[in-house]
Amino acid sequence: FDPNNRIVQPGYALVDAELSFAPSGMRGLRLVVWGKNLTDRAVLQMALSSQIADQTSYAEPRTFGVRAEYSF
């Protein structure tokens with residue numbers, strides 16, 4: 001993140017997943033369950049360093065949800 005290596009982010013891997021179901025009796029409908037960062041890993045998203053202070057922000061933690069899609 002910076003030339004002096006004051007802000008360090010070790011190597012990491014993120015796991016995202018999506019599972020969907022399309023019922024055969026309802027053409028065009030798709031139900032989806034999804035999740036991002038399933039291991040809930042703390043990952044730096046941004047780092048800004050200066051001579052006075054360092055500022056960092058983290059990526060989103062574990063998020064998940066459901067959605068319904070319909071195709072016409």
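These notes cover the structure that comes with them. (Residues numbered from 1 in each chain as written. Predicted model: local features only at pLDDT ≥ 70, side-chain atom pairs only at ≥ 80, totals over all residues. Heavy atoms only, no water.)

1. Some words on the pairing of strand S2 (residues 29-36)
This is how the line gets drawn: For two strands to pair, DSSP has to find at least two bridges joining them. In DSSP terms, a helix is any run of H or I states spanning at least four residues, a strand is any run of E spanning at least two, and both are numbered starting from the N terminus.
Note that strand S1 (residues 17-21) and S2 share 5 bridges and pair antiparallel. In the strand pairing of S2, Leu19 is matched with Val33. Of the pairings in the sheet, the one linking S2 to strand S5 (residues 63-70) comprises 8 bridges and is antiparallel in character. For Gly35, the partnering residue across the bridge sits in S5 and is Phe64.

2. Brief notes about the pattern of salt bridges
As a reminder of what qualifies: The term salt bridge refers to a side-chain nitrogen of Lys or Arg lying within 4 Å of a carboxyl oxygen of Asp or Glu.
A full pass over the atoms with the stated rule returns 5 salt bridges. Two residues, Glu18 and Arg30, come together in a salt bridge whose shortest N-O distance is 3.1 Å. With Glu18 in strand S1 and Arg30 in strand S2, the pair connects residues that are 12 residues apart, well separated along the chain. Across the pair Arg67 and Glu18 runs a salt bridge, and its minimum N-O distance is 3.2 Å. Taken together, the positions of Arg67 in strand S5 and Glu18 in strand S1 put the pair 49 residues apart, joining distant regions of the chain.

3. Some details on the sheet that holds S2
To be explicit about the condition: Only the stretch in contact is used when fitting a helix axis, every axis being a line fitted to C-alpha atoms; angles between N-to-C directions are given from 0 to 180 degrees.
Read across the sheet, 3 strands follow the order S1-S2-S5 without closing on themselves; strand pairing throughout is antiparallel. The open sheet has two edge strands, S1 and S5, and neither has a second partner. Ignoring strand direction, the axes of neighbouring strands in this sheet form an average angle of 15°.

4. Considering the environment of Leu44
Operational definition: Contacts are residue-level and defined by heavy atoms, with any inter-residue pair within 4.5 Å sufficient.
Structurally, the position occupied by Leu44 is in strand S3 (residues 44-49). Among all residues touching Leu44, those that are not within four sequence positions of it are Phe1, Ile7, Val8, Gln9, Thr56, Ser57 and Tyr58.

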